[in-house]
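A look at the structure
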Amino acid sequence: MTVEVDGPSHFVDRKPSRSTILKRRQVAKLNGIPVISMPYWEWNELKKDREKKQLYLHSLLGLI
């Protein structure tokens, strides 16, 4: 499993850009590894709250 924090250049109107979609598809095919995207605006909303960040990561990884 791969987790990637995607910055503003990965999105157009909060939707993944074509190059980002292509990259995810290539990585998944190359290694059979799922790519989990963490949009920058979701991470930024959590500010410096470590507990919320941990919960967010756990939910992305399917641990809760």
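Data block above holds the structure.
The sections below set out a description of the structure shown in this document. (Residues numbered from 1 in each chain as written. Predicted model: local features only at pLDDT ≥ 70, side-chain atom pairs only at ≥ 80, totals over all residues. Heavy atoms only, no water.)

Focus: the overall build of the protein chain
- For the protein chain, the count of helices and strands is three helices and four strands.
- Scanning the protein chain from its N terminus toward the C terminus, one meets helices and strands in the order β-β-β-α-β-α-α.
- With the C-alpha coordinates of the protein chain rotated into their principal frame, the extents come out at 35 × 25 × 15 Å.
- Here the protein chain holds 64 residues, and the buried ones make up 22% of them.
- For the protein chain, contacts bridging at least 24 residues in sequence account for 48% of all contacts bridging at least 6.
- Entry remark: accessible area of the protein chain is about 5000 Å², with carbon and sulfur atoms responsible for 56%.
- Measuring between centres, the 12 positive side-chain charges of the protein chain sit 5 Å from its 7 negative side-chain charges. (Helix = DSSP H or I, 4+ residues; strand = E, 2+ residues; numbered from the N terminus. Buried < 20%, exposed > 50% of the residue type's maximum accessible area, 1.4 Å probe, protein only. Contact = heavy atoms within 4.5 Å. Areas by Shrake-Rupley, 256 points an atom, 1.4 Å probe, with all protein chains shown as cover. Lys, Arg positive; Asp, Glu negative; His and termini not counted. Charge placed at Lys NZ, Arg CZ, Asp CG, Glu CD.)

Things to note about the pattern of salt bridges
- If you walk through the whole model with that rule in mind, you get two salt bridges.
- For the salt bridge of arginine 24 with aspartate 6, the shortest nitrogen-to-oxygen distance reads 2.7 Å. Pair noted here: arginine 24 is in helix H1 (residues 18-31) and aspartate 6 is in strand E1 (residues 2-6), with a separation of 18 residues, a long-range link.
- For arginine 24, a relative accessible area of 19% translates into the label buried.
- Given a relative accessible area of 0%, aspartate 6 falls into the buried group. (Salt bridge = Lys/Arg side-chain N within 4 Å of Asp/Glu carboxyl O.)

Comments concerning the side chain of arginine 24
- Polar side-chain contacts of arginine 24 include one of 2.7 Å to the side chain of aspartate 6.
- Apart from the residues within four sequence positions on either side, arginine 24 is in contact with Asp6, Pro16, Val35 and Ser37. (Polar contact = N/O pair within 3.5 Å; in protein donor to acceptor, adjacent residues only side chain to side chain.)

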